[in-house]
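Listed below, chain by chain, are the residues.
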Amino acid sequence: MIKNLFKIILFCLFSFQFSVAVMVNDGFEEYKKGNVLEALSIFEKACEDGAYSGCYNAGLMYYKGDAIQQNYTEAAKNFMKACDEGHTGACYNLAYMFQNGLGLRLNSLKAVSLYEKSCENGISAGCYNLAVMYETEDGVEKDLCKAVDDLTQACDKDHAKACYNLAIRFQNEDGVEKNPLRAAQLYEKACDLGHENACYNLGVMYMDGEFLKKNKLKAAELFKKSCDMNFDLACKAYNNLNK
């Protein structure tokens, strides 16, 4: 009897989860059709019924003011519900709103806590924003060691700007021991991730030949790559090499 009851409960739970998932999908379908208010209504209903991706999507719509009136308070409320249930994207967005006082009272410590949570759960921008807060004393005590650690975590998660900023530090002995070869490795990674300044800086290192073996062909390749990303200084450097 107890076994059968357990099976019935599991079946009902699965059916409920499936139905709210279908509801969220219906919201996306309405959104794609341009029925924005209908989509919002569906997301909010799904949120009320326990589909926290519904809360997250409703929060995004209120945050962006996408064909509806922008409402940071409603956005924060929805992100909070989703974050409480473990939605990492919602936690990150909520952190940003606490950091900047959008729809919520500015609370740097709460922002730090939520950025840490999102960083631990794989969101590179959460790690990067933490680093910036500790570097610039944005509501927290300046801590360059923590900033470097957070930049490293962000770079390990393929955040291009974090890799670039970390490279600058290793090149200029800023909060870390000077290590030009490590800087070059980080510039290369950032460049591969699409950071135009990183491609240019690595090109300069190959041109200088101070820490890397001088290689004009490699430098030209990097300047060209950076130029293709619309970095004017790289375009000039590339043109000068090809005169």
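What you are looking at is a predicted structure, and each value in this text was computed from that prediction instead of being measured.

**Focus on the overall build of the protein chain**
And then number 1: A tally of regular secondary structure across the protein chain gives 13 helices and zero strands.
And then number 2: In sequence order, the protein chain lays out its α and β elements as α-α-α-α-α-α-α-α-α-α-α-α-α.
And then number 3: For the protein chain, whose C-alpha radius of gyration is 24 Å, the value lies well above the compact-globule estimate of 18 Å for 243 residues.
And then number 4: Expressed as lengths along the three principal axes of its C-alpha atoms, the size of the protein chain is roughly 80 × 45 × 40 Å.
And then number 5: Within the protein chain, the fraction of its 243 residues that count as buried is 42%.
And then number 6: Counting contacts in the protein chain only where the partners sit at least 6 residues apart, residues at least 24 apart contribute 41% of the total.

**Re the packing of helix 10 (residues 180-192) against helix 11 (residues 196-208)**
And then number 1: Look at helix 10 against helix 11: their axes get within 8 Å of each other, and the N-to-C directions meet at 140°. Judged by the inter-axis angle, helix 10 sits oblique to helix 11. Where helix 10 crosses over helix 11, the two elements pack in a sense that is left-handed. Between helix 10, through Pro180, Ala184, Tyr187, Glu188, Ala190 and Cys191, and helix 11, the contact on the second element is made entirely by Ala198, Cys199, Asn201, Leu202 and Met205.

**Focus: the packing of aromatic side chains**
And then number 1: Counted according to the given criterion, the structure contains six aromatic pairs.
And then number 2: Considering the side-chain rings of tyrosine 56 and phenylalanine 79, the 5.8 Å spacing of their centres and the 45° angle between planes classify their relative orientation as tilted. A residue pair is termed long-range when its members are at least 10 positions apart, and tyrosine 56 in helix 3 (residues 52-64) and phenylalanine 79 in helix 4 (residues 72-84) qualify at 23 residues.
And then number 3: A relative accessible area of 1% means that phenylalanine 79 is categorised as buried.
And then number 4: With centroids separated by 5.7 Å and ring planes inclined at 50°, the aromatic side chains of tyrosine 92 and tyrosine 115 adopt a geometry described as tilted. Taken together, the residues span a long stretch of sequence, with tyrosine 92 in helix 5 (residues 88-100) and tyrosine 115 in helix 6 (residues 108-120) at a distance of 23 residues.

**With respect to the side chain of asparagine 129**
And then number 1: When you line up the elements, asparagine 129 lands in helix 7 (residues 124-136).
And then number 2: Judged by relative accessible area, asparagine 129 falls into the buried class, the value being 14%.
And then number 3: Residues contacting asparagine 129, with those up to four places away along its chain left out, are Tyr92, Tyr96 and Tyr115.

**A few points about the pattern of salt bridges**
And then number 1: Scanning all chains against the criterion turns up ten salt bridges.
And then number 2: Close ionic contact of aspartate 158 with lysine 189 constitutes a salt bridge, the shortest N to O distance being 3.3 Å. A residue pair is termed long-range when its members are at least 10 positions apart, and aspartate 158 in the loop between helix 8 (144-156) and helix 9 (160-172) and lysine 189 in helix 10 qualify at 31 residues.
And then number 3: Accessibility expressed as a relative area gives 46% for aspartate 158, which makes it partly exposed.
And then number 4: Relative accessible area serves as the criterion here: at 27%, lysine 189 is assigned to the partly exposed category.
And then number 5: In this structure, lysine 224 and aspartate 228 form a salt bridge, with 3.0 Å as the shortest nitrogen-oxygen distance. Of the two residues, lysine 224 and aspartate 228 are both situated in helix 12 (residues 216-228); the distance of four residues between them amounts to about one turn of the helix.
And then number 6: Judged by relative accessible area, lysine 224 falls into the partly exposed class, the value being 33%.
And then number 7: Where salt bridges share partners, they join Glu135, Arg169 and Asp174 into one cluster.

**Some thoughts on the state of the cysteines**
And then number 1: Applying the stated criterion to the full structure yields six disulfides.
And then number 2: Sulfur-sulfur distance for the disulfide between cysteine 47 and cysteine 55 comes to 2.0 Å. On the sign convention where negative means left-handed, the S-S torsion of about 95° between cysteine 47 and cysteine 55 marks this disulfide as right-handed. For the pair shown, cysteine 47 and cysteine 55 are each scored as buried.
And then number 3: Each sulfur in the disulfide pair cysteine 191 and cysteine 199 lies 2.1 Å from the other. Where cysteine 191 bonds to cysteine 199 through sulfur, the torsion about that S-S bond is close to 100°, and the disulfide is right-handed. In this pair, the class of cysteine 191 matches that of cysteine 199, namely buried.
And then number 4: In this model cysteine 145 remains outside any disulfide bridge; the closest cysteine sulfur is found in cysteine 119, 17 Å from its own.

**Brief notes about the packing of helix 5 against helix 6**
And then number 1: Interaxial distance between helix 5 and helix 6 falls to 8 Å at its minimum, and their mutual angle equals 155°. Overall, the two elements helix 5 and helix 6 adopt an arrangement that is roughly antiparallel. As helix 5 runs across helix 6, the sense of the crossing is left-handed. Residues Thr88, Cys91, Tyr92, Leu94, Ala95, Tyr96, Phe98 and Gln99 of helix 5 lie in contact with helix 6, whose contacting residues are Lys110, Ala111, Leu114, Tyr115, Lys117 and Ser118.
And then number 2: Residue classes in the contact of helix 5 with helix 6 are distributed as nine nonpolar, three polar and two charged.

Cut-off values and rules
- Residues numbered from 1 in each chain as written.
- Predicted model: local features only at pLDDT ≥ 70, side-chain atom pairs only at ≥ 80, totals over all residues.
- Heavy atoms only, no water.
- Helix = DSSP H or I, 4+ residues; strand = E, 2+ residues; numbered from the N terminus.
- Rg over C-alpha atoms; globule rule 2.2 N^0.38 Å.
- Buried < 20%, exposed > 50% of the residue type's maximum accessible area, 1.4 Å probe, protein only.
- Contact = heavy atoms within 4.5 Å.
- Axes fitted to C-alpha atoms, helices over the stretch in contact; angles between N-to-C directions.
- Parallel < 35°, antiparallel > 145°, perpendicular 65-115°, else oblique.
- Left-handed = near helix turned anticlockwise from the far one by under 90°.
- Phe/Tyr/Trp six-rings, centres within 6.5 Å; stacked < 30°, edge-to-face > 60°.
- Salt bridge = Lys/Arg side-chain N within 4 Å of Asp/Glu carboxyl O.
- Disulfide = S-S within 2.5 Å.
- Nonpolar A, V, L, I, M, F, W, Y, C, P; charged D, E, K, R; others polar.

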